[in-house]
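Residue-level structural notes
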Amino acid sequence: MTATAEAAGPGLRTEYPFVLPRGFVDEHGTVHRDGVLRLATAKDELTAHAEPLVRQNPAYLSIYLLMRTVGRLGTLPVVDRFVVEHLFASDLAFLQDLYRRVNQQGHTEAEVACPECAHRFLVDVAGEVTG
């Protein structure tokens, strides 16, 4: 457990593990799929908005927010702008959705329906079935 999670206490979840649909491929051909996204802080948001590249091109906001809040991705030593910029589009969309769910809705669950029987249940988009 990290210092952030310890400080938050047992009732507040601050870190969300995930598995990318495709994964980041490093220069050695290693695929990095599993990671952890932490809750964003006000400082994360403010710092990202203050970045010159974000002011020039607002599309970079999500890149900066993800590089600040993805605490781990596979065995990479750091998740920086290069890593986030070189994610596959499907992985970037996955992380953007996870970021939105975690920081705006407070959870990673989505309600889905079985295409065969129409039974509705919750799926944790970070990777676990919850119902």
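Here, the structure is the one placed above.
These remarks concern the structure in this document. If you're wondering where the values come from, they're calculated on a predicted model, not measured in any experiment. (Residues numbered from 1 in each chain as written. Predicted model: local features only at pLDDT ≥ 70, side-chain atom pairs only at ≥ 80, totals over all residues. Heavy atoms only, no water.)

Brief notes about the packing of aromatic side chains
Applying the stated criterion across every chain yields a total of 1 aromatic pair. Pairing Phe18 with Phe94 gives two aromatic rings, centres 6.3 Å apart and planes at 55 degrees, and the pair type is tilted. With a gap of 76 residues between them, Phe18 in strand S1 (residues 15–25) and Phe94 in helix H6 (residues 89–105) connect regions that are remote in the sequence. Residue Phe18 is classed as buried on the basis of its relative accessible area of 2%. (Phe/Tyr/Trp six-rings, centres within 6.5 Å; stacked < 30°, edge-to-face > 60°. Helix = DSSP H or I, 4+ residues; strand = E, 2+ residues; numbered from the N terminus. Buried < 20%, exposed > 50% of the residue type's maximum accessible area, 1.4 Å probe, protein only.)

Thoughts on helix H4 (residues 61–69)
Residue pairs three or four apart in sequence face the same way in an α-helix, which turns once every 3.6 residues. Where H4 is concerned, the buried positions are Ser62, Ile63, Tyr64, Leu65, Leu66 and Thr69. Buried residues along H4 sit in contact with strand S2 (31–38), helix H2 (42–50), helix H3 (52–56), strand S3 (70–73), helix H5 (81–85) and H6. (Contact = heavy atoms within 4.5 Å.)

Quick notes on the environment of Glu85
Counting through the fold element by element, Glu85 comes out in helix H5. Overall, Glu85 belongs to the partly exposed group, its relative accessible area being 29%. Placed 22 residues apart in sequence, Glu85 and Ile63 show a C-alpha to C-alpha distance of 6.9 Å. When sequence neighbours within four positions are dropped, the list of residues in contact with Glu85 reads Tyr60 and Ile63.

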